[in-house]
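As a plain string of letters, each chain reads:
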Amino acid sequence: MTGKKYASAKRKRLINNTVVHVILAILAVIWVFPILWVVLTSFRAEKGSYVSTFFPQSYTIDNYVKLFTDTTILNFPQMFMNTLFISICSCILAAFYTLAVSYCLSRLRFKLRKPYMNMAMILGLFPGFMSMIAVYFILKALGLTEGNLIRLALILVYSGGAGLGFQIAKGFFDTVPFAIDEAALLDGCTRWQIFSKITLPLSKPIIIYTVLGPWLDFIFAKVICRANSDQYTVAIGLWKMLEKEYIDSWYTSFAAGAVLISIPIAILFLSMQRFYVDGVSGAVKG
């Protein structure tokens, strides 16, 4: 009887594993389908957004060439460089703010520590775009909504509230032994020296996790840039390609642009995936 029960249990586990793998395969196909559609559309030679076949009838790379050569209406290279500059600056600032706040909340004990953490948790329940009107008028009062200062305004918007997202980084810092800080203090180090020369070098995983921030944003960029086309980001440029007057001639180039902007963040994530996973697992253990 014991052998029969064991065989029956083993057969049930095998069936359950098969069912799980089938479900995961179906979900994978559903997840990959839109990506495959965009990639195929980016190489489609037929113009327009309405097609009768899933696979293109003919293939071309003209859609990619058009993004970098036809800049009279939509200057994609400039939009890409604007986005790259804003993303790099905002990621660096946001990473510094997040790590600094997380370190203080993990290592220091002060009067408003818990009220701040509770307030940050409550504010995190609300989407950031709820404040965009107030943010816009503040930036306008400071003169940051015209000309080249628009990029500075977007950098401030994207990095200004980064300190509220301290939870993951704080959990990682909690795993770093306090004995290291105490030994450094006995040796005469300041808190800044401990943070910059001891804690940060030990925190490469969580730094990578923090730097892998959002590559694209549309709402704030559209509100702040308005009609300043020379300051447009890629998100606004892709949206413009889908407008009524451009969609017939730019739809396939829109797909090509979507593929191109996914490449940098995909490469960065794949190359830093090990550190990314270590950062999250360290925060979970904390």
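Everything numeric here is computed off the predicted structure, so don't read it as measured data. (Residues numbered from 1 in each chain as written. Predicted model: local features only at pLDDT ≥ 70, side-chain atom pairs only at ≥ 80, totals over all residues. Heavy atoms only, no water.)

Chemist: Provide a residue-level description of the overall build of the chain, including the pertinent values.
Modeler: A count of helices and strands for the chain gives 14 helices and zero strands. Ordered by position from the N terminus, the helices and strands of the chain form the series α-α-α-α-α-α-α-α-α-α-α-α-α-α. The burial tally for the chain puts 33% of its 286 residues in the buried class. For the chain, the share of sequence-separated contacts (at least 6 apart) that also reach a separation of at least 24 residues comes to 71%. Accessible surface computed for the chain: about 17,100 Å², of which carbon and sulfur atoms make up 71%. (Helix = DSSP H or I, 4+ residues; strand = E, 2+ residues; numbered from the N terminus. Buried < 20%, exposed > 50% of the residue type's maximum accessible area, 1.4 Å probe, protein only. Contact = heavy atoms within 4.5 Å. Areas by Shrake-Rupley, 256 points an atom, 1.4 Å probe, with all protein chains shown as cover.)

Chemist: Help me get a handle on the packing of aromatic side chains, residues and values and all.
Modeler: Applying the stated criterion across every chain yields a total of 13 aromatic pairs. With 5.7 Å between their ring centres and 40° between their planes, Trp-37 and Phe-54 make a pair best called tilted. With Trp-37 in helix H1 (residues 2-42) and Phe-54 in the loop between H1 and helix H2 (62-69), this pair connects stretches of sequence that are 17 residues apart. Looking at Trp-37, the relative accessible area reads 25%, which means it is partly exposed. Ring geometry for Tyr-136 versus Phe-137: centroids 5.6 Å apart, planes at 70°, classification edge-to-face. Assessed through its relative accessible area of 12%, Tyr-136 is described here as buried. Between Lys-66 and the ring centre of Trp-250, over which it is positioned, the NZ or CZ distance is 4.5 Å. (Phe/Tyr/Trp six-rings, centres within 6.5 Å; stacked < 30°, edge-to-face > 60°. Lys NZ or Arg CZ within 6 Å of the ring centre and 35° of its normal.)

Chemist: For the pattern of salt bridges, give the residues involved together with the corresponding values.
Modeler: Scanning all chains against the criterion turns up four salt bridges. Here Arg-107 ties to Asp-181 by a salt bridge, and the two come within 2.9 Å at their closest N and O atoms. Placement of Arg-107 in helix H3 (residues 76-107) and of Asp-181 in helix H8 (residues 178-186) is noted, with a sequence separation of 74 residues between them. Judged by its relative accessible area of 6%, Arg-107 is buried. (Salt bridge = Lys/Arg side-chain N within 4 Å of Asp/Glu carboxyl O.)

Chemist: Before we move on, can you summarise the side chain of Ser-90 with the specific residues and values?
Modeler: As for its position among the elements, Ser-90 is in helix H3. Take Ser-90: its relative accessible area is 8%, and that puts it in the buried class. A polar side-chain atom of Ser-90 sits 2.7 Å from the main-chain carbonyl oxygen of Ile-86. When near neighbours in sequence (up to four residues on either side) are disregarded, Ser-90 contacts Ile-155, Tyr-158 and Ser-159. (Polar contact = N/O pair within 3.5 Å; in protein donor to acceptor, adjacent residues only side chain to side chain.)

Chemist: Which residues make up the packing of H3 against helix H12 (residues 234-241), and what are the values?
Modeler: Between H3 and H12, the least distance of the axes is 8 Å, while the angle of their chain directions is 145°. In contact with Phe-76, Met-79, Phe-80 and Thr-83 of H3, H12 contributes Val-234, Gly-237 and Met-241. Classifying every residue of the contact of H3 with H12 by side-chain character gives five nonpolar, two polar and no charged. (Axes fitted to C-alpha atoms, helices over the stretch in contact; angles between N-to-C directions. Nonpolar A, V, L, I, M, F, W, Y, C, P; charged D, E, K, R; others polar.)

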